[in-house]
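Observations on chain architecture
Here's the letter readout for the chains.
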Amino acid sequence: QVQFEESGGGLVQPGGSLRLSCAAPGRISKIYNMGWSRQAPGQQREFVARTMRGGGTLYANSVKGRFTISRDSAKNTVYLQMNRLTPEDTAVYYCYLDYSDYDGGAVSRSWGQGTQVTVGQ
């Protein structure tokens with residue numbers, strides 16, 4: 001089981017910015033994708049952004065152009081820079097990573113505990 005250290009959530013006014021970070025400090029043999037999903041009250045968890053091992057990124061249409069995902073592979077850390085936030089971005093944000101315990105092994109997904117982002121006055 002992967003342990004995570006998430007930080008950066010909080011309350012921000014509309015139009016403001018926040019930066020989330022998520023570190024997995026333990027030894028992990030091979031990390032593939034690292035990403036973020038979010039869950040608003042009463043709604044299903046939805047994909048936000050993903051960064052792939054080779055460097056590619058993917059974003060949900062709702063955040064494209066406003067959010068930027070990045071990773072520091074040496075630190076097993078993924079970041080989410082969120083700009084021009086709106087009340088519709090209010091949710092619990094969960095980081096995740098896809099990993100295997102050895103080369104060629106089965107790939108598993110592990111989730112962080114979540115951090116609250118609230119956009120409002």
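Counting from 1, residues in each chain are numbered in the order their sequence is written. Residues qualify for local features only when their pLDDT is at least 70, as the model is predicted, and side-chain atom pairs are given and counted only at 80 or more; totals for whole chains, interfaces and linings, by contrast, use all residues. Side-chain metrics rest on all non-hydrogen atoms present in the structure, leaving aside hydrogens and water.

1. Focus: the nonpolar core
As used here, the term nonpolar core means buried Ala, Val, Leu, Ile, Met, Phe, Trp, Tyr and Cys residues forming a set that is joined through side-chain atoms within 4.5 Å. Residue burial is assigned from relative accessible area. The probe radius is 1.4 Å, only protein chains are included, and a residue is buried under 20% of its type maximum, exposed over 50%, and partly exposed in between. In terms of nonpolar packing, the biggest core is built from 30 residues, with W36, V48, F67, L80, M82, Y93 and L97 touching the most fellow members. Those elements that provide at least two residues to this core are strand 3 (18-23), strand 4 (30-39), strand 5 (46-51), strand 7 (67-72), strand 8 (77-82), strand 9 (91-100) and strand 11 (115-119). With five residues, strand 9 is the single largest residue contributor to this core. Residues within four places of L97 in sequence aside, it is in contact with V2, F4, A24, I28, I31, N33, M34, S108, R109 and S110. Helix and strand assignments follow DSSP, with helices taken as H or I runs no shorter than four residues and strands as E runs no shorter than two, numbered in order from the N terminus. Note on contacts: a residue pair is in contact if any heavy atoms of the two residues lie within 4.5 Å.

2. Observations regarding the confidence of the model for the protein chain
The predictor rates its confidence in each residue with pLDDT, a number between 0 and 100. Here the protein chain shows a mean pLDDT of 94. Residues at 70 or above account for 100%. Per-element mean pLDDT across the protein chain ranges from 93 in strand 1 (residues 5-7) up to 98 in strand 5.

3. Some thoughts on the side chain of T77
One can find T77 in strand 8. A distance of 2.9 Å separates the side chain of T77 from the backbone oxygen of K75, its partner in a polar contact. Those residues in contact with T77 that lie beyond four places of it in its chain are C22, A23, M34, S70, R71 and D72. Here a polar contact is taken to be a pair of N or O atoms separated by no more than 3.5 Å, where protein atoms must pair a possible hydrogen donor with a possible acceptor and residues adjacent in sequence count only if both atoms sit in side chains.

4. Some details on the sheet that holds strand 7
Strand pairing is defined by DSSP finding a minimum of two bridges between the two strands. The four strands lie next to each other as 1-3-8-7, forming an open sheet whose pairing is antiparallel. The open sheet is flanked by strand 1 and strand 7, the only strands paired with a single partner. The mean inter-strand angle of the sheet, taken between neighbouring strand axes irrespective of direction, is 10°. One ladder, built from six bridges, connects strand 3 with strand 8; its direction is antiparallel. Along strand 8, the bridge assignment pairs L18 with M82. Helix axes are fitted only over the stretch in contact, all axes being lines through C-alpha atoms; the angle between N-to-C directions runs from 0 to 180 degrees.

5. As for the state of the cysteines
Two cysteine sulfur atoms form a disulfide, by the criterion used here, when they sit within 2.5 Å. A full pass over the atoms with the stated rule returns one disulfide. Here C22 pairs with C95 through a disulfide, and the sulfurs are 1.9 Å apart. Given an S-S torsion of about 40°, the disulfide between C22 and C95 has right-handed geometry. One end of the pair, C22, is in strand 3; the other, C95, is in strand 9, with 73 residues separating them in the sequence. Both residues of the pair, C22 and C95, belong to the buried class.

6. What to know about the environment of L58
Assignment of secondary structure puts L58 in strand 6 (residues 57-59). We classify L58 as partly exposed; its relative accessible area is 38%. L58 has contacts with F47, V48, A49, R50 and M52, leaving out every residue within four places of it along the chain.

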